[in-house]
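Each chain, written out:
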Amino acid sequence: MHMSSPRASWAVERLLPLPGHGPVLRNHTLSARDGVIEGIVPTTGENVQAGSLAMPAFANAHDHGRGLPTLSCGIPDGPLELWVSRLGVEPHTLSFLNAACAFARMAQSGIGAAVHCHNTQNGRTLLQEAQGVAKAAKAVGIRIAFAVPFAGENPFVYESSAPFRDIFDYPDQFPALSASRYRRSLQEGLDITDALAELESETFHVQYGPVGPQWTDRATLEAISARSASTGRRVHMHFFETRLQQEWADATFPEGIVNYFDRIGLLSPRLTLAHGVWLRPDEIELLTARGVLLSCNISSNMRLASGLPPISTIIDKNMKFGIGLDGMSLEDDDDILREARLLRGLMQTTQPASLARVTAASARRSASMP
Ligand SMILES: [Zn+2]
């Protein structure tokens, strides 16, 4: 519900003040001032709009703000590692227009807040692109958490690119494989984050966004961990989206990558991990103990052939999770209510024993998690 006038009121037939936590209330009037609800009182029911429902706006726990869905650009779905390499053919558009189209679709589906993991179109103009995103968030009236991307490692494969080059008969025909790529330094990324903090407003907040451990070096993860602890700024990172990423982590971090995160202080209630498809029960336990949040992105996992998150374990261990669209909803319509139903449908089909613990109400609660 968008409230643009200084004072407004609505008489609604059904009210869900705390979806998943409390009952449906009937015939209530909501009053608001300057965009903030200041009163909820019962009404006689004479003036209510038949069939009306009021509830908190949904939160999209993980997204990329793609105004042009990838299929529209001719990029076929997954597997993720191949799909990522195809993203290079996305047409470059004005950052404002691209983000505004995506945010407007989200707002139409009832989303009032979203995490925007920014994919740069031009690595040298991140600051300007972010300014366009901030402007789009304000224009649409949606609250955006902007995750500043930190990346650069393993652009093509998760380990040395030398064997990768060897599979080509004529590698010199693919100069991009050996061309030096522009990469922001850690300091540049931290400076841009500080500069963007100046733009923070009701509709634009800044987070650290190490894109994923396989794409970010240890020095970056450790610096972000320390900065987050000293500033309170949140961290948002893709993690264990595919089995290959898990294999890479197992080979790279003999102590266990989640234990490494814990050792450097990265695990805290300030951290949200996106996907977690390949998390093991003991890892879920440690993440839960540290208060880490998870974004489950079912449509994206299906479209990118990543697998499905261990929902029953996540629920059994009481890990807090939200629902993310990842710019990859099944119909490219950013319909988060359908995404919540998809999660529930998946549960009742594959984990019927756990369904008793996952009611439709709790699925809604996840979708509206702040
Ligand atoms: Zn993502």
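Residues numbered from 1 in each chain as written. Predicted model: local features only at pLDDT ≥ 70, side-chain atom pairs only at ≥ 80, totals over all residues. Heavy atoms only, no water.

Q: Would you mind showing me how to read the packing of helix α5 (residues 186-197) against helix α6 (residues 218-231) here?
A: When two helices pack together, you describe them by how their axes are tilted relative to each other and by the distance separating the axes. The N-to-C vectors of α5 and α6 enclose an angle of 30°; their axes lie 10 Å apart at closest approach. Between α5 and α6, the crossing angle belongs to the class labelled roughly parallel. The way α5 lies across α6 gives a crossing that is right-handed. Facing α5, whose interface residues are L186, Q187, L190 and D194, α6 presents A219, T220, A223 and R227. Of the residues assigned to the contact of α5 with α6, the class counts are 4 nonpolar, 2 polar and 2 charged. (Axes fitted to C-alpha atoms, helices over the stretch in contact; angles between N-to-C directions. Helix = DSSP H or I, 4+ residues; strand = E, 2+ residues; numbered from the N terminus. Parallel < 35°, antiparallel > 145°, perpendicular 65-115°, else oblique. Left-handed = near helix turned anticlockwise from the far one by under 90°. Contact = heavy atoms within 4.5 Å. Nonpolar A, V, L, I, M, F, W, Y, C, P; charged D, E, K, R; others polar.)

Q: Help me understand the packing of aromatic side chains in this model?
A: Enumeration according to the criterion identifies 8 aromatic pairs in this entry. Their ring planes at 50° and their centres at 6.3 Å tell us that F150 and Y208 sit as a pair that is tilted. Here Y208 lies in strand β8 (residues 204-210) and F150 lies in strand β7 (residues 143-150), a separation of 58 residues in the sequence. For F150, a relative accessible area of 5% corresponds to the buried category. Between F239 and F240, the aromatic rings sit 4.1 Å apart at their centres with planes inclined by 15°, giving stacked as the arrangement. Of the two residues, F239 and F240, both sit in the buried class. Of the aromatic side chains, those joined through ring pairs into one cluster are F239, F240, W248, F253, Y260 and F261. Stacked on the ring of F96, the Lys or Arg K135 has its end atom at 4.7 Å from the ring centre. The ring of Y260 has R218 sitting right over it, with the charged end atom 5.3 Å from the ring centre. (Phe/Tyr/Trp six-rings, centres within 6.5 Å; stacked < 30°, edge-to-face > 60°. Buried < 20%, exposed > 50% of the residue type's maximum accessible area, 1.4 Å probe, protein only. Lys NZ or Arg CZ within 6 Å of the ring centre and 35° of its normal.)

Q: What exactly am I supposed to notice about the domain arrangement of the chain here?
A: Interfaces are often sized by the amount of accessible area the parts lose when they come together. For the chain, the domain assignment lists domain 1 (7-54) and domain 2 (58-366). The centre of domain 1, based on its C-alpha atoms, is set 35 Å off from the matching centre of domain 2. (Domains from an automatic or database assignment.)

Q: Before we go on, may I ask you to explain the sheet that holds strand β3 (residues 36-42) in this structure?
A: Adjacent strands of a sheet form backbone hydrogen bonds with each other and so pair up, either parallel or antiparallel. Strand order in the open sheet made by the 4 strands is β3-β2-β1-β4, with mixed pairing throughout. Because the sheet does not close on itself, it has two edges, and the strands there are β3 and β4 (49-54). Going across the sheet, the axis of each strand differs from the next one's by a mean of 45°, ignoring polarity. Pairing geometry for strand β2 (residues 25-33) and β3, over 6 bridges, is antiparallel. Within β3, the residue paired with H28 across the bridge is P42. (Pairing = 2+ DSSP bridges.)

Q: What should I look at first to understand helix α3 (residues 126-140) in this one?
A: Helical geometry note: an α-helix holds 3.6 residues per turn, so side chains three or four residues apart project in the same direction. An ideal rise of 1.5 Å per residue puts 21 Å on 15 residues; α3 measures up with 21 Å between its terminal C-alpha atoms. If you check which residues of α3 are buried, you get L126, E129, A130, G132, V133, A134, A136 and A137. Close packing links the buried residues of α3 with α2 (95-108), β6 (111-117), β7, α5 and β8. Immediately beyond the C-terminal end of α3, within one or two residues, lies G141, with a positive phi of roughly 85°. (Expected span 1.5 Å × (residues − 1).)

Q: What exactly am I supposed to notice about unusual backbone geometry here?
A: Only a minority of non-glycine residues have a phi that is not negative, and only a minority of peptide bonds are not trans. Cis geometry is found at the peptide bond from G78 to P79, where omega equals 0°. One can find P79 in the loop between β5 (58-63) and α1 (80-86). Look at F240: it is not a glycine, yet its phi comes out positive at around 50°. Here F240 lies in the loop between β9 (235-239) and α7 (243-252).

Q: What is the right way to look at the coordination of the zinc ion in this model?
A: In an ideal octahedron of six donors the angles at the metal are 90 or 180 degrees, and in an ideal tetrahedron of four donors they are 109.5 degrees. Within the protein, H62 (NE2), H64 (NE2), H238 (NE2) and D326 (OD) serve as the donor atoms for the zinc ion, at 2.1 to 2.3 Å. Coordination geometry of the zinc ion: the 4 donor atoms subtend angles of 84 to 174° at the metal centre, consistent with an arrangement described as irregular. Assessed through its relative accessible area of 8%, H238 is described here as buried. (Donors = N, O, S within 2.8 Å, 3.2 Å for Na, K, Ca; no water. Tetrahedral: all angles 85-135°; square planar, octahedral: opposite > 155°, others 65-115°.)

Q: Honestly, α2 in this entry has me stumped. Any pointers?
A: With 14 residues, α2 extends 20 Å from end C-alpha to end C-alpha; this agrees with the ideal 20 Å at 1.5 Å per step. Along α2, the positions that sit buried rather than exposed are S95, A99, A100, A102, F103 and M106.

Q: Just to check I follow, could you spell out the nonpolar core for this structure?
A: In summary, soluble globular proteins display a tendency toward joint burial of nonpolar side chains. Core analysis: the largest hydrophobic core is formed by 72 residues, its most contacted members being F103, I257 and F261. Ranked by the residues each element gives to this core, the list is headed by α3, at 6 residues. Excluding its chain neighbours within four sequence positions, the residues that come into contact with F261 are P213, L221, M237, F239, L266 and L267. (Core = buried A, V, L, I, M, F, W, Y, C linked by side-chain atoms within 4.5 Å.)

Q: Hey, could you run me through the pattern of salt bridges in this one?
A: By the definition in use, this model includes 19 salt bridges. When the shortest N-O distance is used, the salt bridge between E153 and R183 registers 2.8 Å. A residue pair is termed long-range when its members are at least 10 positions apart, and E153 in the loop between β7 and α4 (162-166) and R183 in the loop between α4 and α5 qualify at 30 residues. The partly exposed category is assigned to R183, whose relative accessible area is 36%. For the salt bridge of E247 with R243, the shortest nitrogen-to-oxygen distance reads 2.5 Å. Here E247 and its partner R243 are both found in helix α7, 4 residues apart, which amounts to about one turn of the helix. Given a relative accessible area of 42%, E247 falls into the partly exposed group. (Salt bridge = Lys/Arg side-chain N within 4 Å of Asp/Glu carboxyl O.)

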